[in-house]
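# Inside the fold
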Amino acid sequence: MKATSVKAYGTESAEADLKQFNIDRREVTSKDVGIDILFCGVCHSDLHFAHNDWDMTQYPVVPGHEIVGRVTHVGAGVSKYKEGDLVAVGCLVYSCRTCKNCKADLEQYCPEWVPTYGGYDKHLKTNTHGGYSESIVVDEEFVLGVPENLDPAGVAPILCAGITTWSPLRYWNVGKGSKVAVVGLGGLGHMAIKLATALGAHVTLFSRSANKIEDAKALGADEVIISTDQTQMEKALGRFDLILDTVPYAHDLNPYVGTLTTNGTLVVVGYLGPLDPMLVTVPLIMGRKSIAGSLIGGIAETQELLDFCGKHNITSDIEIINIQDINLAYKRMLKSDVKYRFVIDMKSLKS
Ligand code: NAP
Ligand code: ZN
Ligand code: ZN
C-alpha cells in the first residue's frame, strides 16, 4: 500500500529522549479520513508507554492519543466527514465491530481493539503511531466530531483524560446528589472534577498537594481533603458513593476504601499493576463496597461527552507547549508540575 512520509516525535528506547524522525501514514482508503493535526494532549500514559513502564512497548513509539485536527482528505466511501471539518481522534483507531463489546458500544473492551499508538496497523504492517505527528489517517468510524464553539486546544484532553473519567461517572449513574471523590489532581483528576460538577454531584478532591486547594475549588470541587493528613482522612469515613482514583503509581487503596459509603465503589483508572500494600477485604465486606477498574470509553460515549462539553462549554485547563519541549514536559509531569494538561501546538513540528 502507498504511504506518505510525515514528521513525528517519538523515541526508539525507554531511556532515550523523544526526538524528531519520520513515519509513514497510509494513503486514505475508501473508509478513511486524513487529518491535519492541530493539537495533541500529553497524557501520563504517553510517558508510561515511552518509558516502557508497562513492559509491553515496541519501539519506535510515537505517543499521543488526544488529537484534534482538520479533515484534509476523505475516502470515496466516507459519509460522516468532509474536507475542512474539525475532528478528533482518541485512544483507539480500530475494533472488530462485530463482537459483543463492539455491539454494546464498548469498543475499548474489544479483544481486537487497536490503540492509536503501540497497536498493529494491518494496512502498513507496522506499529500504529499517535498524535505527536503532522497528520494521521483513521477509519471514519473512529473519528469524532468536535463542537465548533469550543477552543480546539482545550478540547484535545477530552479525548482521553475526559472520557476516562466520564465513562465511570456515567456507568455508576452520577447525578444530582451523588457524592463523588477524585484522587489526584492532574490531567484526569481535573477533568473528573469538572465533569462530575457539571453532572450535579457534590465533589471532593483527595490530594497530597496543599498548594492545589484553590485550583480544585476553582475547577468546581466543593471540598479538598489532604490525603496525608490522618485527621482529615478520619473525618471522611463512610462518605462517598463513587471514588475515581487517578494516581499513576502503586499506592495504598485501604484509606480510600474506608471513605466509601455502603454500596460505594472505588474505581481505579490511574494505576495498572499489583497493589502494594495489599488490599484489606474487611471494610469491603462490612458495607458491600466494590473496587473496580475502567478503561477510557467507547466511540459513541466519547461523542456523547464531546457534545456535552460543547453544550456546557467545558474544555481542559491547559498549558500549550512546542513539540521541542516535550522532554521537559515529561519531567514536569513526573513532579506533578502541570496545570492541568500539556497540549502540543503541532505548528511547532511543521515549521
Ligand atoms: P497526571 O496528570 O500526572 O496526574 C496524576 C496525579 O496523581 C498527580 O497530579 C498527583 O496529584 C497524583 N500523583 C502522582 N504521583 C503520585 C503518587 N506517587 N502517589 C500519589 N499521588 C500521586 O496523570 P494523568 O494523565 O491524569 O494520568 C493518571 C494515570 O491514569 C496514569 O497512570 C495514566 O496512565 C492513567 N490513565 C488511565 C486511563 C484508563 O483508561 N484507565 C486513561 C488515561 C490515563 P496530587 O498532586 O493532587 O496528589
Ligand atoms: Zn491517555
Ligand atoms: Zn469487537
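The preceding data block contains the structure.
The paragraphs below set out a description of the structure included in this document. Residue positions are counted from 1 within each chain, in the order its sequence is given. Key to labels: chains lettered from A, ligands numbered from 1, both in the order written. Note on the predicted model: pLDDT of at least 70 is required for a residue's local features to be given, and 80 or more for side-chain atom pairs to be given and counted; whole-chain, interface and lining totals, by contrast, use all residues. The basis for every side-chain value is the complete set of non-hydrogen atoms in the structure, without hydrogens or water.

## A word on the site of ligand 1
Put simply, the rule is: We call a residue near a molecule or strand whenever a single non-hydrogen atom of that residue lies within 4 Å of it. Any pair of nitrogen or oxygen atoms within 3.5 Å is treated as a polar contact; in protein, a donor-acceptor pairing is required on top of that, and neighbouring residues in sequence qualify only through side-chain atoms on both sides. Values of accessible area rely on a 1.4 Å probe in the Shrake-Rupley scheme; residue burial ignores everything except the protein chains shown. Secondary structure is summarised from DSSP: a helix means a run of H or I of at least four residues, a strand means a run of E of at least two, and numbering begins at the N terminus for each.
Near ligand 1 you find 27 residues, and of these His44, Ser207, Ser209, Lys212 and Arg341 are the closest. Here an oxygen atom of ligand 1 sits 2.8 Å away from a polar atom, N or O, in the main chain of Leu185. One of the backbone nitrogen or oxygen atoms of Gly187 is found 2.8 Å away from an oxygen atom of ligand 1. Surface burial for ligand 1 is 90%, taken as the share of its 930 Å² of free accessible area covered by protein chains. Elements represented by at least two residues in the shell around ligand 1 include exactly helix 1 (44-50) and helix 5 (187-198).

## Some words on unusual backbone geometry
Rules: Residue burial is assigned from relative accessible area. The probe radius is 1.4 Å, only protein chains are included, and a residue is buried under 20% of its type maximum, exposed over 50%, and partly exposed in between.
Look at the link from Asp276 to Pro277: it is a cis peptide, with omega at 0°. With respect to the helices, strands and loops of the structure, Pro277 is situated in the loop between strand 16 (260-268) and helix 9 (282-285). The residue after Lys339, namely Tyr340, is reached through a cis peptide bond having omega -15°. One non-glycine residue with positive phi stands out, namely Asp105, at about 60°. In this fold, Asp105 is placed in the loop between helix 2 (100-103) and strand 7 (114-115). We classify Asp105 as partly exposed; its relative accessible area is 41%. Even without being glycine, Asn263 reaches a positive phi, approximately 70°. As for its placement among the helices and strands, Asn263 is situated in strand 16.

## A short note on the coordination of the zinc ion (ligand 2)
Stated precisely, the cut-off is as follows: Only nitrogen, oxygen and sulfur atoms within 2.8 Å of the metal, or 3.2 Å for Na, K and Ca, are treated as donors, and water is left out, so sites may look incomplete.
Those protein atoms acting as donors to the zinc ion (ligand 2) are Cys43 (SG), His65 (NE2) and Cys160 (SG), and they sit at 2.0 to 2.2 Å. Each donor residue of the zinc ion (ligand 2) lies on the same chain, and together they follow the pattern C-x21-H-x94-C. In this pair, Cys43 is assigned in the loop between strand 3 (32-42) and helix 1 and His65 in the loop between helix 1 and strand 4 (67-74), connecting sequence segments 22 residues apart. Side by side, Cys43 and His65 carry an identical accessibility label, which is buried.

## Focus on the nonpolar core
Quick note on the threshold: For our purposes a nonpolar core is just a set of buried Ala, Val, Leu, Ile, Met, Phe, Trp, Tyr and Cys residues, chained together by side-chain atoms within 4.5 Å.
Val42, Tyr132, Leu169, Ile193, Leu195, Ile326 and Tyr330 are the most contacted members of the largest nonpolar core, which has 91 residues in total. Counting 15 residues, the second largest nonpolar core, distinct from the first, contains Phe206, Ile225, Met233 and Val268.

## A word on the coordination of the zinc ion (ligand 3)
Distances from the zinc ion (ligand 3) to its protein donors, namely Cys96 (SG), Cys99 (SG), Cys102 (SG) and Cys110 (SG), fall within the range 2.3 to 2.4 Å. Donor residues binding the zinc ion (ligand 3) come from one chain and are separated in sequence as C-x2-C-x2-C-x7-C. Per residue, the accessibility class of Cys96 equals that of Cys102, and both read buried.

## Re the sheet that holds strand 12 (residues 179-183)
What counts here: Two strands make a pair as long as DSSP finds a minimum of two bridges between them. Fitted lines through C-alpha atoms serve as axes, helices being fitted only where they are in contact, and the angles separating the N-to-C directions of these axes extend from 0 to 180 degrees.
Pairing in this open sheet of six strands is parallel, and the strands run 14-13-12-15-16-17 from one edge to the other. Among the strands making up the open sheet, the edge pair consists of strand 14 (223-226) and strand 17 (290-293). For this sheet the average axis-to-axis angle between neighbouring strands, irrespective of direction, equals 20°. With five bridges joining them, strand 15 (residues 240-245) and strand 16 adopt parallel strand pairing. Among the inter-strand pairings, Asp245 is bridged to a residue of strand 16, identified as Val268.

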